[in-house]
Amino acid sequence: MTRSAEKGEPSEYRIPPEDIHRAFEGMGANKPCPICGHEHWKLLHGEDDYPSIVLLGGDQMLSSPPLHIAITMLFCGNCLFLRSHPTKGLIQWLEQNPKEEPPPPEE
Ligand SMILES: [Zn+2]
């Protein structure tokens, strides 16, 4: 199975963890785990790998190579409950809500 369709695509979807947490805070999506109430979410990824989900066509048949979209997955630090968010949507949110830079020092 192919890991990534296009050259350069993985880096497009690589968001610094601090930006991911900034996006969820900005959305108000930083609530405790709905299953166990634990407050800490961890980012799910391997060393160079990030999760994606495979999209099935309307007839439930897999295309070849399968279509997939990158997702950002967080898991509860206690009960391991998984939550998933389309990474592209996070990138769009970050583009629309750029990090506020501190004003340049006055001379
Ligand atoms: Zn939990």
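Here goes a summary of the coordinates provided. Each chain has its residues counted from 1, following the order in which its sequence is written. With the structure being a predicted model, the display of local features is reserved for residues of pLDDT at least 70 and the display and counting of side-chain atom pairs for 80 or more, all residues being used for whole-chain, interface and lining totals.

The next thing to look at is the environment of K42. Each helix is a run of H or I in the DSSP string that is no shorter than four residues. Each strand is a run of E no shorter than two, and both are numbered from the N terminus. In this structure, K42 sits in strand β1 (residues 41-43). Here the C-beta atoms are placed from the backbone, and a residue counts as buried if at least 20 other C-beta atoms lie within 10 Å of its own, exposed if 12 or fewer do, and partly exposed otherwise. C-beta crowding within 10 Å serves as the criterion here: with 12 such atoms nearby, K42 is assigned to the exposed category. Distance from K42 to L74, taken between C-alpha atoms, is 5.3 Å for residues 32 residues apart in sequence. Setting aside residues up to four positions removed in sequence, K42 forms contacts with L74, F75 and G77. It is the C-beta atoms, placed from the backbone, that decide contacts: two residues are in contact if theirs lie within 7 Å.

The subject of this paragraph is the pairing of strand β4 (residues 82-86). By this definition, two strands are paired if DSSP reports at least two bridges between them. Two elements, strand β3 (residues 67-76) and β4, share five bridges in a ladder whose sense is antiparallel. The residue bridging F75 from the neighbouring strand is L82, located in β4.

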